[in-house]
Amino acid sequence: MTSRVQEFAIHDQHGRQIGSVKIVRLGRQRRQFWEARALDGCDLGAHVNRIEAEEAIQDDWDAGRPRDSSAPSHRWRPIVDSNPPTYLGR
């Protein structure tokens, strides 16, 4: 038996894709969570419901585009980071 993972694209108010969510099963109980991913693939966590996962993606999108290339979950800070920024669009 093969398991098919369904991934759902999340769009902003202009119709542009800004991330995706998918159902994952975690822990011993295999409880259902919604995994949120930013446009660049950065993990935005597992959430109890889809609405929270979509809000995490929207918050990440609103926070700005450049990320620290050595730590993708952090925003790029030109003052303390010597790595070039990764721009995610917008």
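None of the values given here were measured: they were computed from a predicted structure.

A. Broad picture of the pairing of strand S1 (residues 7-11). As paired elements, S1 and strand S2 (residues 17-26) share 5 bridges and run antiparallel to each other. Each bridged residue has a counterpart across the sheet, and for glutamate 7 the counterpart in S2 is lysine 22.

B. Focus on the pattern of salt bridges. Going through the model one piece at a time under the given rule, you end up with 4 salt bridges. Of the charged contacts, one joins arginine 37 and glutamate 35 as a salt bridge, the two residues approaching to 3.6 Å between their closest N and O atoms. Residue arginine 37 is classed as partly exposed on the basis of its relative accessible area, which comes to 28%.

C. Spotlight on helix H1 (residues 50-63). Here H1 is 14 residues long and its end C-alpha atoms lie 20 Å apart, about the 20 Å a rise of 1.5 Å per residue gives. Once H1 ends, the next one or two residues include glycine 64, with phi positive near 120°.

D. Highlighting unusual backbone geometry. Backbone geometry at arginine 30 places phi at a positive 55°, although glycine is not the residue there. Its place among the elements puts arginine 30 in the loop between S2 and strand S3 (31-38).

E. Expanded view of the pairing of S2. Turn length for the S1-S2 hairpin, with the two strands adjacent in sequence and antiparallel, is 5 residues, and the turn residue glycine 15 shows positive phi of about 85°. Sheet topology places S2 next to S3; 8 bridges connect them, and they run antiparallel. Its bridge partner being in S3, glycine 19 is matched across the sheet by alanine 38. Where S2 folds back on S3, the antiparallel hairpin that results is connected by 4 residues, among which glycine 27 adopts a positive phi of roughly 80°.

F. Up close: the nonpolar core. One finds Ile10, Ile18, Val21, Trp34, Ala36, Ala38, Cys42, Leu44, Ala53, Ile57 and Trp61 forming the largest nonpolar core, which totals 11 residues. Secondary-structure elements contributing two or more residues to this core are S2, S3 and H1. Those residues in contact with isoleucine 10 that sit more than four places away from it in its chain are Arg16, Gln17, Ile18, Gly19, Ser20, Val21, Arg50, Glu54 and Ile57.

About the criteria used
Residues numbered from 1 in each chain as written. Predicted model: local features only at pLDDT ≥ 70, side-chain atom pairs only at ≥ 80, totals over all residues. Heavy atoms only, no water. Pairing = 2+ DSSP bridges. Helix = DSSP H or I, 4+ residues; strand = E, 2+ residues; numbered from the N terminus. Salt bridge = Lys/Arg side-chain N within 4 Å of Asp/Glu carboxyl O. Buried < 20%, exposed > 50% of the residue type's maximum accessible area, 1.4 Å probe, protein only. Expected span 1.5 Å × (residues − 1). Core = buried A, V, L, I, M, F, W, Y, C linked by side-chain atoms within 4.5 Å. Contact = heavy atoms within 4.5 Å.

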